[in-house]
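Below, each chain spelled out in residue letters.
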Amino acid sequence: MSMAANPITQPPIPPVAEREDYLNKEYGIWSWLLTTDHKRIALLYLLSITFFFFIGGFFALLIRLELLTPVGDLVQADSYNKIFTMHGMVMVFFFLIPSIPAVLGNFLVPLMIGAKDLAFPRINLLSWYLYIIGGALMMHCMLTGGVDTGWTFYAPFSTSFTNTNIVEAGLAIFVAGFSSILTGLNFVVTIHRMRAPGMTWSRLPLFIWAHYATSIIQLLGTPVIAVTIVLVAAERALHLGIFDPKLGGDPLLFQHLFWFYSHPAVYIMILPSMGVVTEIIACFSRKRIFGYHFVAFSSIAIAVFGFLVWAHHMFVAGISVYSALIFSFLSYAVALPSAIKVFNWTATLYKGSIHYDAPMLYAFGFLGLFTIGGLTGLFLSALGIDVHVTDTYFVVAHFHYIMVGGAVMGYLGGIHFWWPKISGRLYPEGWARLAALIVFIGFNLTFFPQFLLGYMGMPRRYYDYSHMPEFQVLNVMSTAGATILGVGYLLPMVYLLWSMRYGKPASDNPWNAAGLEWKTTSPPPTFNFEEEPVVTWEAYNYEELDAPQKQEVPVAR
Amino acid sequence: MHDSSTTAVHEHHGEAHVAHNPALLHHFAEEQQQRNAASLGMWVFLATEVMFFGGLFCAYLVYRRWYFGDFAAASKSINMAMGATNTAVLICSSLTVVLAVWAAQTARRTLLIVSLILTMLLGMVFLGIKGIEYRDKFVEHHVPGASFSFENEPIPGHPGEYANPRHAQMFFSLYFVMTGLHALHMIIGLGIFTWLLIMAWKGRFSPEWHTPVEIGGLYWHFVDIVWIYLFPLLYLIDRHA
Amino acid sequence: MLNNFPLWPQQASTLAGHVDALYIFLLIVTGMMALLVFTLIIYFAARYRYRPGVRAEQIEGSNALEITWSAIPFLIFMVIFAWGALVFFKERTPPTDAAEVYVVAKQWMWKVEHAEGQREINELHVPVGRDVKLIMTSQDVIHSFYIPAFRIKQDVLPGRYTVEWFHATKPGVYHLFCAEYCGTQHSGMVGSIIVQEPAQYEAWMNGNSNGPLSGSGEKIFAELGCATCHRSDIQGRGPNLVGVFGKPVQLDDGRMLTADENYLRESILDPGSKRLKGFQPIMPTFQGLVSEEQLNALVAYIKSISLSNPMGGAKTSASGAVSGESSDNEGKTHTLPNGTKVQ
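No experiment lies behind these values; they were computed from the predicted model shown.

A.B. asks: Can you break down the overall build of chain C residue by residue, with the values?
C.D. replies: Secondary structure summary: chain C contains seven helices and 14 strands in total. Expressed as a percentage of contacts within chain C between residues at least 6 apart in sequence, the contacts between residues at least 24 apart total 65%. With the model as given, the accessible surface of chain C reaches about 14600 Å², and the carbon-plus-sulfur share is 60%.

A.B. asks: Give me the confidence of the model for chain A: which residues, what numbers.
C.D. replies: Averaged over every residue, the pLDDT of chain A is 93; the share at 70 or more is 95%. With pLDDT under 50 throughout, residues 1-9 of chain A is counted as low confidence; its partners more than four residues away or in other chains account for 18 contacts.

A.B. asks: Mind laying out the environment of Y502(A), listing which residues take part and the relevant values?
C.D. replies: Take Y502(A): it is sitting in helix α16 (residues 472-502). For Y502(A) and R425(A), which are 77 residues apart along the polypeptide, the C-alpha to C-alpha distance reads 8.2 Å.

A.B. asks: Any details on unusual backbone geometry? Residues and values, ideally.
C.D. replies: Residue P523(A) is bonded to the preceding S522(A) through a cis peptide linkage, with omega at -5°. Position of P523(A) relative to the elements: it lies in the loop between α16 and α17 (542-545). That bond from Q107(C) to W108(C) is cis: its omega, 0°, falls within 30 degrees of zero. Residue placement: W108(C) occurs in the loop between β1 (99-106) and β2 (109-114).

A.B. asks: Kindly report on the sheet that holds strand β9 (residues 172-178) of chain C, identifying the contributing residues and their values.
C.D. replies: Residue and element names in this part refer to chain C. A sheet is described by the order of its strands in space; here five strands give the open sequence β4-β10-β9-β6-β7, paired in mixed fashion. The two strands at the open ends of the sheet, each matched to only one other strand, are β4 (123-127) and β7 (152-156). Direction aside, the axes of adjacent strands within the sheet are offset by 20° on average. Note that β9 and strand β10 (residues 191-196) share five bridges and pair antiparallel. Residue L176 lies in a different strand from β10, and its bridge partner there is G191.

A.B. asks: Pulling in residues and values, what's your account of helix α12 (residues 358-381) of chain A?
C.D. replies: Over its 24 residues, α12(A) runs 34 Å from end to end, which matches the ideal 34 Å to within 8%, given 1.5 Å per residue. Counting buried positions along α12(A) yields 21 of 24 residues, so the element is predominantly enclosed.

A.B. asks: Which residues make up the confidence of the model for chain C, and what values do they have?
C.D. replies: Residues and elements named next belong to chain C. Averaged over all residues, the pLDDT of chain C is 86; the fraction at 70 or higher stands at 88%. Contacts of residues 309-343 to residues separated by more than four positions or lying in other chains number 86 contacts, the stretch itself having pLDDT below 50. The complex prediction reports pTM at 0.90, with the ipTM value standing at 0.91.

A.B. asks: Tell me about the sheet that holds β2(C), residues and numbers included.
C.D. replies: Strand-to-strand pairing in sheets goes through backbone hydrogen bonds, with the strands running parallel or antiparallel. Residues and elements named next belong to chain C. As summarised here, the arrangement of the five strands in space is β3-β2-β1-β5-β8, forming an open sheet in which the pairing is mixed. Strand pairing shows two members of the sheet lacking a second neighbour, β3 (119-121) and β8 (162-167), which therefore form its edges. On average, adjacent strands in this sheet sit at an angle of 25° to one another, irrespective of strand direction. Relative to β3, β2 runs antiparallel, the two being bridged by three bridges. By the bridge assignment, E113 is partnered in β3 with R119. Sheet contacts for helix α7 (residues 292-304): β1, β2 and β5 (131-138); angle to β1, the most-contacted strand, approximately 165°.

A.B. asks: I'd like to hear about the interface of chain A and chain B, residue by residue, with values.
C.D. replies: Taken together, the 44 residues of chain A in the interface contact 40 residues of chain B. Among the residues chain A hides against chain B, the three largest losses belong to R122(A), R193(A) and L240(A). Together they make up 17% of the total. The tally of links from chain A across to chain B stands at ten residue pairs in polar contact (both at pLDDT 80 or more). Counting residues per element, the ones that place at least two in the side of chain A that touches chain B are α5 (121-143), α7 (166-193), α8 (206-238) and α9 (251-285) of chain A. No other element matches the ten residues that α8(A) contributes to the side of chain A that touches chain B.

A.B. asks: So what about the interface of chain A and chain C? Which residues, and what values?
C.D. replies: At the junction of the two partners, chain A supplies 101 residues and chain C supplies 87 residues. Across the chain A-chain C interface, the total number found is three salt bridges. Where E543(A) meets R55(C), a salt bridge forms, and the shortest distance between an N and an O atom there is 4.0 Å. A per-class count over the side of chain A that touches chain C returns 62 nonpolar, 24 polar and 15 charged.

A.B. asks: Talk me through the pairing of β1(C); I want residue IDs and the actual numbers.
C.D. replies: All names here are of chain C. The element β1 is extensively covered by neighbouring structure, given that seven of its eight residues are classed as buried. Pairing between β1 and β5: seven bridges, direction parallel. Bridging from a neighbouring strand, V103 pairs with M136 of β5. Note: β1 against β2, six bridges, orientation antiparallel.

A.B. asks: So, the nonpolar core: which residues are in play, and what are the values?
C.D. replies: By size, the foremost hydrophobic cluster in this structure holds 355 residues, and its most contacted members are M138(A), W418(A), F171(B), F145(C), F150(C), F166(C) and I193(C). Per-element accounting of this core gives the leading share, 21 residues, to α9(A). Among the nonpolar cores identified, the runner-up in size contains 29 residues, and Y161(C), V163(C), A259(C) and A297(C) belong to it.

A.B. asks: Outline the packing of α8(A) against α9(A), listing residues and values.
C.D. replies: Residue and element names in this part refer to chain A. Running from N to C, α8 and α9 cross one another at 160°; their axes reach a closest spacing of 8 Å. Classed by the angle they form, the pair α8 and α9 counts as roughly antiparallel. With respect to the hand of their crossing, α8 and α9 are arranged in left-handed fashion. Looking at the contact of α8 with α9 residue by residue, the classes come out as 20 nonpolar, nine polar and one charged.

A.B. asks: Account for the packing of helix α6 (residues 261-269) of chain C against α7(C), with residues named and values stated.
C.D. replies: Residue and element names in this part refer to chain C. Contact pair α6 / α7: the axes reach a minimum separation of 10 Å and the direction vectors enclose 120°. For the element pair α6 / α7, the angle class is oblique. Where α6 crosses over α7, the two elements pack in a sense that is right-handed. Contact residues: α6 offers E261, L264, R265, I268 and L269, while α7 offers E292, L295, L298, V299, I302 and K303. Tallied by class, the residues present in the contact of α6 with α7 amount to seven nonpolar, no polar and four charged.

Conventions adopted
Residues numbered from 1 in each chain as written. Chains lettered and ligands numbered in written order. Predicted model: local features only at pLDDT ≥ 70, side-chain atom pairs only at ≥ 80, totals over all residues. Heavy atoms only, no water. Helix = DSSP H or I, 4+ residues; strand = E, 2+ residues; numbered from the N terminus. Contact = heavy atoms within 4.5 Å. Areas by Shrake-Rupley, 256 points an atom, 1.4 Å probe, with all protein chains shown as cover. pLDDT = per-residue confidence, 0-100. Pairing = 2+ DSSP bridges. Axes fitted to C-alpha atoms, helices over the stretch in contact; angles between N-to-C directions. Expected span 1.5 Å × (residues − 1). Buried < 20%, exposed > 50% of the residue type's maximum accessible area, 1.4 Å probe, protein only. Buried area = accessible area lost by both parts, 1.4 Å probe. Polar contact = N/O pair within 3.5 Å; in protein donor to acceptor, adjacent residues only side chain to side chain. Salt bridge = Lys/Arg side-chain N within 4 Å of Asp/Glu carboxyl O. Nonpolar A, V, L, I, M, F, W, Y, C, P; charged D, E, K, R; others polar. Core = buried A, V, L, I, M, F, W, Y, C linked by side-chain atoms within 4.5 Å. Parallel < 35°, antiparallel > 145°, perpendicular 65-115°, else oblique. Left-handed = near helix turned anticlockwise from the far one by under 90°.

Here it is, written out as C-alpha cells:
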C-alpha cells in the first residue's frame, strides 16, 4: 500500500548511513565476487541476468524488424536463423530459468523461512560462477558466429548438417544447467533443514512452496538435457551416430530426450512467478490467500505432472496415435492445477481491501496474460487443432504469453515489491505504474496478432514470407507492439537504478506485508536477523497486521 | 563437478560467540543441522546423477531392443573377464569406504587413512583395467568413427547370421559414452578422496565431525552402483547363447 | 482490403471444417472462461478497492468451491480432449483406395512423384474430390509438410516413411509450407497445392506422364538383380514378393509384423534386421546404392504386384503405417482416373 494513503506507524528509521546492512558491510569488488551472502549473490545474478535480457531482447528486436516486411531484406537467411536461435537460447537458459529463483529466490528464501543463509552458501556462489562461465561461453559462441539450429537443436540437423558451433553452445548450456541444478539443490536442502522454529510446512509462504516445486524440477529435469547435450556433442565431435538415421540412429529419440527436460523447464520458468504473484495478491488485498493448501499442492502437482507431458511437443513428429492420445490427456491434467491457482487468486480478491500499487498492477497483468496463455494451451493440447497450429506463430504466441506475459510480469512485480527490502529505497511509484501499463499494452499488441497469424498458417522461424504477403499487416502490428514493450522494459531499468541513489529510504515494512522478510531491516543485515525468529503465527496474518489498535512493532531491532 | 559443502576451516570473528566445534559454519544453528543438511544435499545430488545416467540408460535400452542380435554380438567382443574383475574391484572399494566411515566414526585415524588409500588404489586399478579395455577396443577397430570395422561377427545363437556393423557401432557409441562418463565420475571421486586423505592426515576428522567422509562415501557408493548396472547391461547380453 | 488482411485461413479440405468447428468451440469455451475470470477480477478489484476504515475479510477457503472449480473445468477439458482425439483419428486414418503420392523432402525443396509417374518440384497437382495419401520421407534433415488450407501437417523424417492424407474440396491454389526448421532456406521451402477439377487434372496428368512409378520400380527391380532371388514364379532364395504388401508376415524371431511401406524400405536398406522366418540371411544391403526416389519406385512396384488395384493402397491404420488387412479387391475392375479399366 502506498505510504500516502494508509499511514502505518513505524518506529523512526535510523539514517541509512549509520546502520550496517549487507550492502555496506564491506566494500570493494572482491567483497562482492567472493561473497557467500545469499543476498549479495542475488544481486550478482540480478546484474548478470539483466545483461542477458538485453542481449536476448536485442535479438528479439532484430527479429521483429526483419518481419516488418515480407521480403527478407534486413539480414540474410543464415543470420536470421542464428538470431532467432540465440534469442531463444539466451532468453530461456540465461534469463528466464535463472531469473526469479536466482534473484528473488536467493534473496528471499532464507529470509522467508527465518534462516541466516542458504544451506550451502559457497555452492551458491559456485552456482553464480557456473552461470557466468556458461554465459561467457555463450557470448563467445555468439561472437564467433553463433548457432542456427533453433533453441531446440533437433537432430539430425544439429548433429550432422549445420556448420555452426554447436559444441560450444551445448557446453555453455551444460555449464549453466549445473548452475540451475545447484540452485535447486540449495533450495531443497534449505527448505527442509533450515526453517526457523515454529515455521512448519503449513506456515511457509506460498513463494517457498513454489520454489520448492521449481527446485524439484530443476534437480530431476536438468540432468537429462545435460546428457542429451553430451550425446549431441559426442555425435558431432566423434561421429558417433546416436541420432543419425544413416547410422541406424533415431532422430525421434533426440526429441524425446530433449523435451523430457524442456517441457518441465517451462514450469521452472512459471512456477516461481506464480509464487511471487501469490505474495503480491495477498499483500495488496490485505488478506490470506484463498485456499492456501490447494495453491501449495497445486505447485507440487504441476511439478509432478509436468514430467509426464513432454511428447505434446511431438504430436506430428511421427509418434503413434496412441502415444499422442496419452500425452494429450495428460496435458489436460497438467492444465488443471494452473486453473485452480487462477481461481484461488481471483477468490482472494473477493472481500479484500485492494491497493493498486505497481506490484499489484503487475500481478493483475500476470492474471490476464497468464490466463490467456494458459487457455491457448488448451487449444494446443487438442490433437486435432495441434496438427494445424503446431510449428506456427500460434505456438510462439502461446509460449510468449506465458513466459513473458506470465513469468516476466511476475518477475518485474516481484522486483518492485521487494525492492525496498533489497535496496533500502522506494522506487518512484508513478513511473512504476506507468511502466506496468506500457508493458501490458505493448505485450498484447505484440503477441495477440500472432495467434491470428498462426491459425492462418504462418510457420515459425521464417525470415521471409514474401509468398504470403497477406501476413504483413499483423506482423507490422506485432512489431509496433514490440517497440512499445521495449520502452516498458527500459523504464524500470532507469528508475530502479535512479532510486538506489535518490529514492526515499524505505522502512522495514513499507507495505505492512506479512512474512519474516519484512520483520528485519530494509536492507537486512548480513545474517538477516538480529535474533533467530520463532514463528507462532500462520502465514498471511493480515488480520493481525491491519488490526487498528495494536501498533505493529517489527521484531528487528 | 561438485565439492563437499563443508570444510574444517574456522573463521574467527571479532565478537564473542558461543564455543563450538570449529567445523560448524555460522549460518547453521547447530552441528546436527549442518550434518543433516550436508547429508540431504548429497542424497539430492545423487538423485540428479541418477537422472543424468538415466537418460543414457534410456537411449541404450531403446537401441538394445531394436538391435538385440547386433548388440549381443558387440557385447561378446568386450572382455567379460575384465568387466567382472572391475566389478569385484569396485565392490571391494565400497567395503573399504564403509571401513573408512566406521574408522572416522570411532576415531581410528590409522584405519581411516589406510582405508582411504585402499579405496583410491582400487579405484585406480579399476581405471587401469578400463584403460586396457579401451586400448583393446582401439586396436580391434571397435571405436566408432572413421576406422570402425565390425565385419563378419556372428550373432550369438543365430548361426550363419552376422551383425550389422551400423547397429554394432551404436552399441560401441553407447558403450564408450556410458563407461566414459562413469570413468569420469570415478576420476572425480579419486579427486574427492585425495582431499579426504589430506584432511584425514591432518587429523581434521573426529567422531564429532566427519561429515565429508560420510558424504564422500555416499558419492563413491553411487558410482559403484552405476557400474553394477552397467556391467550386466553392457557385458552380459545373451551370454548364455 | 480483406484480401490483403485475411483473418481466417481458407477451408479447402474435408478435414478443415472439422478442425475449424473444434477451434470455434474452443474459442467460445475459452472466451467464456476468460470473460468470467476477467469480469470477476475487474469487478472485485473495483468493488473491494481499499477504503479507509473498511477491512478485508479473512477467508480461509472453501473445499466445496475448490472441488467445483476443479471438476467442472476437468469435465470441459475432457470434452475438448475427446473431440480433439476424434478429429485426430480422422486426420491420421487415410482411407483405403486413396491415390498415392510419394514425397521426398530435401534441403530446400519438395520432390513429388505421383504413382502414375508425374514428377513435380514444390508443387502438387491433385484432383478435387479425391482422397490423396502422401507417403513421405526426407533425404537429409527433418522437414514438415504443411498445408494450412487443408489443416494438415506431418513431419517428414529421414530414414522412414510418414504418411498424411487429405480430400480436397475446392479447386484453387493453396500454400504448402515446410513447418520444421531445416536450415538456411527453411523459409524458402514453400510451394503450392494445385487442386483442379477432374477434367483439368486429367489433362495435366496426360501432359506430364513419365509412366507409372511402379513401372520405374519394375525396371529398378530388374536392374539391381532383385528378381534373381525374389522370383515371381516360384519361391526363390528370397520370399516371393507377389501379394506380400499389406499382409502380416512372421519374422525369424517369431514376431508378427505387417509388411507396410516402412517394412519394405527397411528390408531393402537393412535386410538382416527384420528377416522373414524360413529364409537365410543372404540378402545384401542396398544402403547407399539406391536413392530415396528409387526406393519409392521399388515400394510402389512391390505394392503394385500385391494388389490388383495399382492405384490403391491397403487399409491404413491410424498410425499411418499400413495395417495387416489384405485387400479384397481381387477380381474387381477398377477405373483409373484417366478412364482406363484395370483388373
